[in-house]
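The primary structure of each chain is shown beneath.
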Amino acid sequence: MDVGIEAAGVRRSFGAVQAVQDVTFSAAPGRVTGLVGPNGSGKTTLMLMLASLLQPDAGEMRIGGVDPVADPSGARRLLGWMPDALGAWPSLTAREVLIATAQLYDLSPTDARARADALLELVDLTALAASAARVLSRGQKQRLALARALVHDPRVLLLDEPASGLDPQARIALRVLLRRLAAEGRTVLISSHVLSELEEVVDDAVFLVDGRTVAGDRVAAAASRTRSWRVRLMIDPSRGAEAARGDVAAALGRLPDEIAADRRDLLVPFADDAGAVAGLRALVGAGVPVLEFAPAVGDLEHAFLDLRVGPGNEGSPA
Amino acid sequence: MSLHRLRTVMGIELRQRVRSLGWYVLLGVFAVLLIGILVLSFASFALSGGGDGWFFSLVIMLVLLLVLLVSPTLSGSAVNGDRDAATLAPVQVTLVTTTEIVLGKFLAAWISGLAFLVVALPFLLIAMVAGSLNPAVVFVSLIILIVEVGIVAAIGVGFSAVFARPLFSVASTYLVVAALTIGTLIAFSLGGFALRSEQVTVSRDLDWSAVPAGCDPGLLSPSDECPTYDELPCVENTYTSEVPRFDRVWWVLAANPFVILADATPPTYVGGYPQDLFSQISYSVRSAQKSPEAQQGYDGCTPPAVPDNNTPEDQVEGTIPSWFVGLLVQLLVAAGLLAWGIARTRTPARRLPPGTRIA
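Residues numbered from 1 in each chain as written. Chains lettered and ligands numbered in written order. Predicted model: local features only at pLDDT ≥ 70, side-chain atom pairs only at ≥ 80, totals over all residues.

### Quick word on the overall build of chain A
For clarity, the cut-off: Secondary structure follows DSSP: runs of H or I at least 4 residues long count as helices, runs of E at least 2 residues long count as strands, and numbering of each begins at the N terminus. Note on contacts: residues are paired as contacts if their backbone-placed C-beta atoms lie within 7 Å.
Regarding its fold elements, chain A presents 11 helices and 13 strands. When the backbone C-alpha atoms are referred to their principal axes, chain A occupies close to 70 × 45 × 35 Å. Of all intrachain contacts in chain A linking residues separated by at least 6 positions in sequence, the fraction that spans at least 24 positions is 69%.

What follows is the structure, given as structure tokens:
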């Protein structure tokens, strides 16, 4: 059974505010799809509609082939939703939160207890199982919310800002967990406005700007636009950084002004990936001691910042 | 509707309540108030012998008052409070239905209200034993108390699902309680006076103008010239006045919780006179059902007949017990609010109350 997410022409407004104007995308099983957009671009509203909590004004959605508007309980069986803020019932322990949620998914009390313990283990909260959910730190709450979304072993995961508030170690654990969940054939849709965070984990990206998904060709165009590459040289202390800039400019046949300095690195713009390859080859061929040669900003960030500037507008991101 | 899920929703609600300190403080304050009432009642009723029935019924009325005052705080923020705390949406996204959520919260609020009755029970028993009362009265009053707690819980949960702000829904619940207890009283008395009707009074009286000057018919030894009472002619006077028609608005009072309590309990009459507060209130409300005579007459010319001794018990004969009508009205209001609340909380939500986030 295909348990992907499909959305076409989805629209939703709150009074005069058009939160989601036109969203069309699909997320495939076995892959982690990132929902990328600035604050207020409609990510959470879209998640709520997919999670069968909010009715769209127009458009079609399918969660594993089930329409969450026409058959909410059918969709709810398939999906696990993690809100951007964990509302914790006062005075219920982390374990009780999971047991109660499991029972709301029709698990028997015995199964619910076993499931809760397994999930606490999974998100590394076993030590805090008996603590009141309310007193957990933000990161711990995020992990508990993730465990709650997984309670009924859903085939589709809708995760709203799952990494916010997590420490680096928990972030890595989350990344590993998300990759594993995707590898099990689940569809994972994850939203974030921290692009570097998404970069590490997503296979596909859906860009959301002002309530609209950005068409794939525009994303491709944005991604192929001129971008900066970070070049780090092994600096010869006797010659200084300024000389290194001159060397690079000479090797690439450019003016030194075209090359920007960023702390101890140089930022060199290349029109496309082929240009970057040729440039690296030229640098190495000229005997410039290249230590590091990498895009200055991540793929997502590059595409996203370019999209924000808008098509046909040659801005200079980053 | 799944009992398992309903029980789970109730379990979540009740567990939070049982573990919160404020809940025990409230129960403690409630117990202290009852002790005060009991001590004061014992002290004041010790003045005269008897009156035990009055004592018990007063205590149970005060229990009803306290329960009516406490219940809205237990239920009035059940749904919108959860929405504010972002705990509602994660429940809605599970397989539990909106009906199960709202009904579960209602049952939980009812059960927590009943805890106050459990605290009150020893006091009621003390009052019963001290007053050597009819156990049927105690039993029926308890049933009515339980039902009233449930009705207020349903109204509170219903409002909490309809309005976005907890403050607003709690206040609305209090307003409904006030409307039922005080509002019905005001509507009854004002309504009775507003819907007046004309009453014709025909009075026959001796024609005093026929008494010659210098004569006094009241003298024991009347002179020949002066007429006696029997010889005086009679005149008839007719005048109209307006009387309040409480018989047209008596049903308004039927929805009053205190009237329901009083009217539902088996009346106690001794020698034809009410023996407790319940019977007294019930008698007053039932008397209001009687319409005033369109015409009444006084005859001052004939000696008055022996007055028929019409005790309150006799007067109540033939009037309609109103408590189940009132209870039915209250149940309809409560069920209607719950249904409205369920409709407003349904997901996927089409429209949201202004100023709320769904999660």
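There's more to say after this.
### Re the overall build of chain B
Here is the rule we go by: Just to be clear, the radius of gyration here is over C-alpha atoms, and the globule rule we use is 2.2 Å times residues to the power 0.38. With C-beta atoms placed from the backbone, the exposure class of a residue follows from how many other C-beta atoms lie within 10 Å of its own: 20 or more, buried; 12 or fewer, exposed; in between, partly exposed.
For chain B, the count of helices and strands is 13 helices and five strands. Against the globule reference of 21 Å for 359 residues, chain B gives a C-alpha radius of gyration of 29 Å, more extended than a compact globule. Once the C-alpha set of chain B is aligned to its principal axes, its extents read approximately 105 × 50 × 30 Å. Residue burial in chain B is summarised as follows: out of 359 residues, 39% are buried. By sequence separation, contacts in chain B at least 24 residues apart represent 85% of the contacts at least 6 residues apart.

### What about the sheet that holds strand β11 (residues 260-262) of chain A?
Residue and element names in this part refer to chain A. The test is simple: The pairing criterion is simple: DSSP has to find at least two bridges between the two strands. Note on geometry: axes are C-alpha line fits, over the in-contact stretch for helices, and angles between N-to-C directions span 0 to 180 degrees.
Strand order in this open sheet of four strands is β11-β12-β10-β13, and the pairing throughout is antiparallel. The strands lining the two open edges of the sheet, one partner per strand, are β11 and β13 (290-295). Sheet twist, expressed as the average angle between the axes of neighbouring strands with direction ignored, equals 30°. By the bridge criterion, five bridges tie strand β10 (residues 227-233) to β13 in an arrangement that is antiparallel. Across the sheet, residue W229 finds its bridge partner in β13, namely P295. Against the sheet, helix α10 (residues 273-285) contacts β10, β12 (265-270) and β13, and its axis sits at roughly 135° relative to β12.

### Description of the packing of helix α10 (residues 257-264) of chain B against helix α11 (residues 277-287) of chain B
Residue and element names in this part refer to chain B. Definition in use: Any angle between 65 and 115 degrees counts as roughly perpendicular, while under 35 counts as roughly parallel, over 145 as roughly antiparallel, and the rest as oblique. In this classification, the charged set is Asp, Glu, Lys and Arg, the nonpolar set is Ala, Val, Leu, Ile, Met, Phe, Trp, Tyr, Cys and Pro, and all remaining amino acids, among them Gly, are polar.
As a packed pair, α10 and α11 sit with axes 8 Å apart at the nearest point and diverge in direction by 105°. Relative to α11, the element α10 lies roughly perpendicular. From α10, F258, V259, L261, A262 and D263 reach across to α11, where they touch F278, I281, S282 and V285. When the residues that make up the contact of α10 with α11 are grouped by side-chain class, the tally is seven nonpolar, one polar and one charged.

### Quick word on unusual backbone geometry
The amide bond that connects T347 of chain B to the next residue, P348 of chain B, takes the cis arrangement and shows omega of -5°. Positive phi, close to 70°, is recorded for S52 of chain A, a residue that is not glycine. Here S52 of chain A shows up in the loop between α1 (43-50) and β4 (58-63). Its identity as a non-glycine residue notwithstanding, D153 of chain A has a phi of 55°, on the positive side. Here D153 of chain A shows up in the loop between α5 (138-149) and β6 (156-160).

### Here we look at α10 of chain A
Defined as follows: Given the number of residues in a helix, its expected span is that number minus one, multiplied by 1.5 Å.
In this model, α10 of chain A (13 residues) spans 18 Å end to end at C-alpha, consistent with the 18 Å of a helix rising 1.5 Å per residue. A positive backbone phi angle near 80° is found at G287 of chain A, which sits one or two residues after α10 of chain A.

### Comments concerning the environment of V325 of chain B
Residues and elements named next belong to chain B. Following the sequence through the fold, V325 ends up in helix α13 (residues 323-345). Look at V325 and you get partly exposed, because 15 C-beta atoms sit within 10 Å. For V325 and A255, which are 70 residues apart along the polypeptide, the C-alpha to C-alpha distance reads 7.4 Å. What V325 contacts, discounting residues up to four positions off in sequence, is W251 and A254.

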